[in-house]
Amino acid sequence: DPDYDSVPSILENNNNMHWVDGEQKLKRELEILAQRQRDGIDVGVPVLTRWLGDDIPAWPTRHADHRRMTEAEWTKRVEEAYAQMRRDEAAWRAEMTRYLESEVAAAG
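Quick caveat: nothing in here was measured; it's all calculated off a predicted structure. (Residues numbered from 1 in each chain as written. Predicted model: local features only at pLDDT ≥ 70, side-chain atom pairs only at ≥ 80, totals over all residues. Heavy atoms only, no water.)

### Focus: the overall build of the chain
Scanning the chain for helices and strands turns up 3 helices and 0 strands. Listed by position from the N terminus, the elements making up the chain come as α-α-α. In the chain, the share of contacts with a sequence separation of at least 24, taken over all contacts with a separation of at least 6, comes to 48%. (Helix = DSSP H or I, 4+ residues; strand = E, 2+ residues; numbered from the N terminus. Contact = heavy atoms within 4.5 Å.)

### Describing the pattern of salt bridges
Where charged atoms from two side chains of opposite charge come close, those side chains can pair. On inspection of all chains with the given rule, the structure shows 5 salt bridges. A salt bridge links Asp54 to Lys25, with the nearest nitrogen and oxygen atoms 3.0 Å apart. Taken together, the residues span a long stretch of sequence, with Asp54 in the loop between helix H2 (16-38) and helix H3 (71-107) and Lys25 in helix H2 at a distance of 29 residues. Accessibility expressed as a relative area gives 55% for Asp54, which makes it exposed. Two residues, Arg36 and Asp42, come together in a salt bridge whose shortest N-O distance is 2.8 Å. According to the relative accessible area criterion, Arg36 is partly exposed, its value standing at 27%. Accessibility expressed as a relative area gives 11% for Asp42, which makes it buried. (Salt bridge = Lys/Arg side-chain N within 4 Å of Asp/Glu carboxyl O. Buried < 20%, exposed > 50% of the residue type's maximum accessible area, 1.4 Å probe, protein only.)

### What about the nonpolar core?
Among the nonpolar cores identified, the biggest contains 12 residues, and these are Leu26, Leu33, Leu48, Trp51, Leu52, Ile56, Ala58, Trp59, Met69, Trp74, Val78 and Ala81. For this core, the secondary-structure elements that each account for two or more residues are H2 and H3. Considering each element in turn, this core owes the most residues, 3 residues, to H3. Leaving out residues up to four positions away in the same chain, Leu33 has contacts with Asp42, Val45, Val47 and Trp59. (Core = buried A, V, L, I, M, F, W, Y, C linked by side-chain atoms within 4.5 Å.)

### Regarding the confidence of the model for the chain
In the predicted model, the chain carries a mean pLDDT of 84, and 80% of its residues have values of at least 70. Of all the helices and strands in the chain, helix H1 (residues 9-12) carries the lowest mean pLDDT, 53, while H3 carries the highest, 93. (pLDDT = per-residue confidence, 0-100.)

### Considerations on the environment of Leu26
Along the chain, Leu26 falls in helix H2. Of the residues examined, Leu26 reaches a relative accessible area of 5% and is grouped as buried. Taking C-alpha positions, Leu26 is 7.2 Å from Arg50, a pair spaced 24 residues apart along the chain. Beyond its immediate sequence surroundings of up to four residues, Leu26 is in contact with Leu48, Thr49, Arg50, Trp51 and Ala58.

### What about the side chain of Thr61?
Here Thr61 is to be found in the loop between H2 and H3. Within the structure, Thr61 has its side chain in polar contact with the side chain of Asp42 (distance 2.9 Å). Separated by 2.9 Å, the side chains of Thr61 and Trp59 make a polar contact. For Thr61, the residues in contact, after removing those within four places along its chain, are Asp42, Arg68 and Met69. (Polar contact = N/O pair within 3.5 Å; in protein donor to acceptor, adjacent residues only side chain to side chain.)

Below, the structure written as structure tokens:
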């Protein structure tokens, strides 16, 4: 049987509810945007298709401190967030590979 107590801490610290809550926040924000667009406001703005954190608004002109963010600034922050996600995924894959290799070696 696998030794589940030794599963890498990165799995234990993965807070799935954090992402679920974030996706729900994004959905609410996009519902607000849909209403604004029906009213002729923010038509054609770029939008997030997945939640990237509380510090990146769902669209450029929507920000928690009610400051209008330029589209260029928003795009830069979105690109940076996706780059960080790719780095995090690579680190997770490397840690999981080391873990799996150690399990195979221990079973061998």
